[in-house]
Structures are given as C-alpha cells and as structure tokens.
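Understanding the architecture of this molecule
So you can see what is in the structure, the chains are spelled out below.
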Amino acid sequence: MAMELKESSHSKQTTELMTMVQAINNGLRTMLEEDERIILLGEDIGKNGGVFRATEGLYDVFGDNRVIDTPLSEAGIIGTSIGLSVNGFRPVAEIQFLGFIYPAYEQIMTHVSRIRMRTMGHFTVPMVIRAPYGAGIRAPDIHSDSTEALFTHMPGLKVVCPSGPYDAKGLLIAAMEDPDPVLVLENMRSYRAQREEVPVGKYAVEIGKGKLVREGTDITIIAWGAMIAIAEKAADHMEKKGVLCEVIDLRTLYPIDREIIAESVQKTTRAVIVHEAHSTGGLGNDIVSIINDTSFLYLRAPIERVTGFDVPVPLFALEDHYTPTVARVIEGIERVLDF
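What counts, and where the lines are drawn
- Residues numbered from 1 in each chain as written.
- Predicted model: local features only at pLDDT ≥ 70, side-chain atom pairs only at ≥ 80, totals over all residues.
- Heavy atoms only, no water.
- Pairing = 2+ DSSP bridges.
- Helix = DSSP H or I, 4+ residues; strand = E, 2+ residues; numbered from the N terminus.
- Axes fitted to C-alpha atoms, helices over the stretch in contact; angles between N-to-C directions.
- Contact = heavy atoms within 4.5 Å.
- Core = buried A, V, L, I, M, F, W, Y, C linked by side-chain atoms within 4.5 Å.
- Buried < 20%, exposed > 50% of the residue type's maximum accessible area, 1.4 Å probe, protein only.
- Domains from an automatic or database assignment.
- Polar contact = N/O pair within 3.5 Å; in protein donor to acceptor, adjacent residues only side chain to side chain.
- Arc of directions from axis to C-beta.
- Buried area = accessible area lost by both parts, 1.4 Å probe.
- Salt bridge = Lys/Arg side-chain N within 4 Å of Asp/Glu carboxyl O.
- Nonpolar A, V, L, I, M, F, W, Y, C, P; charged D, E, K, R; others polar.
- Right-handed = clockwise from strand over helix to strand, strands pointing away.
- 1 Å grid on protein atoms, 1.4 Å probe; cavity = no way out; pocket = protein on both sides within 12 Å on 5 of 7 lines; lining within 4 Å.
- Points joined across faces, edges and corners; volume = space filled by probe spheres on them.

Looking at the sheet that holds strand β12 (residues 245–249)
Taking strand neighbours across the sheet as the criterion, the 5 strands line up as β10-β12-β11-β14-β15 in an open arrangement whose pairing is mixed. Edge positions in the open sheet fall to β10 (211–214) and β15 (304–308), since each of these has one partner strand only. Recorded for the sheet is a direction-independent mean angle of 25° between the axes of neighbouring strands. Bridge analysis of strand β11 (residues 219–223) against strand β14 (residues 271–278) gives 3 bridges, and the strand direction is parallel. The partner of I222 across the bridge, within β14, is I273. Seen against the sheet, helix α12 (residues 326–337) touches β11, β12, β14 and β15 and runs at an angle of roughly 160° to β15.

A word on the nonpolar core
Core analysis: the largest hydrophobic core is formed by 45 residues, its most contacted members being I78, I108 and I261. Elements represented by at least two residues in this core include exactly β3 (38–42), α3 (74–85), α4 (105–112), β6 (128–133), β8 (182–187), α9 (258–268), β14 and α10 (283–295). The element contributing the most residues to this core is α10, with 5 residues. Shared between two domains, this core takes at least three residues from each, and those domains are domain 1 (8–199) and domain 2 (211–337).

Examining the side chain of S85
Take S85: it is sitting in helix α3. Overall, S85 belongs to the buried group, its relative accessible area being 4%. There is a polar contact of 2.7 Å between the side chain of S85 and the backbone oxygen of S81. Among all residues touching S85, those that are not within four sequence positions of it are P91, T124, V125, P126 and M127.

Focus on the sheet that holds strand β13 (residues 252–254)
Backbone-to-backbone hydrogen bonds pair the strands of a sheet. The strands run either parallel or antiparallel. On the basis of which strands lie adjacent, the open sheet formed by 7 strands has the order β4-β3-β5-β6-β8-β7-β13 and mixed pairing. Pairing within the sheet leaves two strands with one partner each, and these edge strands are β4 (67–69) and β13. Across the sheet, the mean angle separating the axes of adjacent strands is 20° when strand polarity is ignored.

As for α4
Of the residues making up α4, those classed as buried are I108, M109 and V112. Buried residues of α4, viewed axially, fall in a sector of 120°; they line one side. Where α4 is buried, its residues touch α3, α5 (115–118), β6 and α6 (149–152).

As for the domain arrangement of the protein
Looking at the protein, the domain boundaries give domain 1 (8–199) and domain 2 (211–337). On a C-alpha basis, the centroid separation for the pair domain 1 and domain 2 is 26 Å. Counting residues at the interface gives 29 residues for domain 1 and 23 residues for domain 2. In total, about 2100 Å² of surface goes out of reach between domain 1 and domain 2, with carbon and sulfur atoms giving 52% of it. The largest contributions to the domain 1 side of the interface with domain 2 come from R138, T152 and R189, which together make up 24% of the buried area. One can count 4 salt bridges joining domain 1 with domain 2. Those elements giving two or more residues to the side of domain 1 that touches domain 2 turn out to be α6, β7 (158–160), α7 (165–177) and β8. In terms of residue count, β7 provides more of the side of domain 1 that touches domain 2 than any other element does, 3 residues in total. Among the residues making up the side of domain 1 that touches domain 2, the classes are represented as 14 nonpolar, 8 polar and 7 charged.

Quick notes on the environment of T325
Considering the arrangement of structural elements, one finds T325 in the loop between α11 (316–322) and α12. Its relative accessible area of 27% is what places T325 among the partly exposed residues. Taking the C-alpha atoms as reference points, T325 and E276, separated by 49 residues in sequence, lie 9.6 Å from one another. Each residue touching T325, except ones within four places of it in the same chain, is listed here: I230 and D320.

Remarks on the pairing of β14
Remember that side chains alternate between the two faces of the sheet whenever the strand is regular. Burial analysis of β14 places 7 of its 8 residues in the buried class, the great majority of the element. Bridge analysis of β14 against β15 gives 5 bridges, and the strand direction is parallel. Following the sheet pairing, H278 is matched in β15 by G308. At this point the chain moves from β14, through α10, to the parallel β15, and the crossover so formed is right-handed.

Some points on the layout of surface pockets
Approximately 350 Å³ is the volume found for the largest pocket. For the lining of the largest pocket, the secondary-structure elements that each account for two or more residues are β10 and α8 (227–239). Considering each element in turn, the lining of the largest pocket owes the most residues, 5 residues, to α8. Of the residues assigned to the lining of the largest pocket, the class counts are 6 nonpolar, 5 polar and 7 charged. Both domains that furnish three or more residues to the lining of the largest pocket are identified here as domain 1 (8–199) and domain 2 (211–337).

This is the structure in structure tokens:
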C-alpha cells in the first residue's frame, strides 16, 4: 500500500506501510546510498541480516566493505567506530542487545562522549550506536535491560528512543547526519508491533524535540519507547470515565525537551511518568526535577512514577509483572486525580 505524503508545500514523498524494523532498514539503506562515509558494523549484521533482521539485504547490495560482520567484541566494535569517526567516516555500530553494551561502556564514557571536548573541537565523533532494549519478548538474562539513564548521564552523547516506524527512520537519519555521537535505543517489542505510513525517501526527525501524541486537559502522561502504547491504552480507559489524558512522547532522552514537558504540565496541572527502567536512578527522576523547576506552582498533586522495579529484569514467568502495565498506569493516574 502506498500513498503520497506532503512533506512541505514544495515536495511530495511516496510512503509505504512499514513496521519499525522495516523503517530502520529503509533508513539505513537510504543513507548508505547517499553517503559513502556510512559504514555499518556489528555482530551478524551482514549475511544474517542481524538478530532482528534490521540490516537484512544490505550486505548483498553494499558488500562487506560497507556492512561489516564483526567479532563478538562490543568494546572492539565501539573502539573501531571511534577510529573510523575521527578519520572521516560515519559508522553505525549495532550492539545486538543493550544489555551487551557494558563491555563497551568504558569506550563510550571515556572516548566517544569526550573527544570533541578533549580536542577543543578539532575532532568530532559522528557515529551512531544502535541498541535494541526492553522486556517483553521472552529473551534470556541480560537481553532485556532498560538502562538508558546510564547514557543520559554522559554529556557529549545524545540519546534518542523512537516509539514507532516514522520516528524510528527519521531519528535514525538525523542521528547519522549529526556531527556528534548518538545512541539510538530501539524497543524490541516495538519492532513489529505496528505498521505506519513512512516516506520511502529521506527525511529527518529533529533530535531534542518531543511529540504531543494525544491532547488532554486533566493529566499529562510522559513516556517513550514501548510505553507510549501502554500510555495510550490507559488514556483510552480514562477517557471513558471522562478524564482526558495528554500523552507526551519524549523521543529524545538527552537532550530532553523541557519545553514540551513544562507546557503540558502547566496546562493539565498533573503528571504521571511511565518507563520500564528501574525506579531508582531512572530518567523519570530527572523529569520530576524538570517539572519541579519549571512548573511546581502549577501542580495540584504530587507527580506519580510508574516504572520497572529495582530488580534485574526477571525471566519469562515474571517478565510481564516487571514492566508497567495498562492497569498499573491507570492506578497511577487515579492516585494523582484522587490526591
């Protein structure tokens, strides 16, 4: 199915229905065709097309000099990407699962995020790190972590997290064109959860700007990734009770869009934050601080957080009890409204 999408008053782009993983693949293909500096690196991304098939078919088109199967070494993948970046290339490194990124954490914290500062702008690191994350697909231990807050605490590294196909391609292209390093977090549950009209050509979604998903007047729900779908279902339930929830998709986790948060909370005067990462040290705490800094005197009730628990992501039998559910979000909304 295809249709015409009016991108501006002067141009039109053909769109196709795509899942998020198809949109990511299409974004990578678009940039590989346009920019010879783009190189993909990762474990099994070549002939195999990646564990989620996000790079399927790209090896056959662009060859093993552009789509590179690497050894099983996350530190090596990131270290190699750093060297390529400072020498004129624009590598896109895939880490199979976010939980596998920890061996590369030192490279990211010590070098990726600091080279621009360390060299006083003489060198930049225009690289992208793609990492699937999140629970809900019945993966083994260490495959389902949501540790985004580890990376939003790194000045110099941008962190984006799309919730659907359109934003996934647009944010990925924006990341590949950014002069600085960008971590792109892709929720595994979202890869094939929905189809959306996506332009087949090039377009970008601005990094650092959130999105108003749903307008409301009574309470603001702030979320990202797979939690947007959960927030919308909770909002549907509350609407039947006469409560209009405003839903904000942050899209970029660092630098965060303070303006969209403040504007929404000042309008609704109540807020619920939803994320599947652990509660302690989670990004929700930073959002609470932003609301307190910008909108404290507007609040009619304390801010509620609905999050994962302070335990490692459990295995199959308990996985669904770990991540925020629609019922838990509804309970959080009702606690705020009943204050």
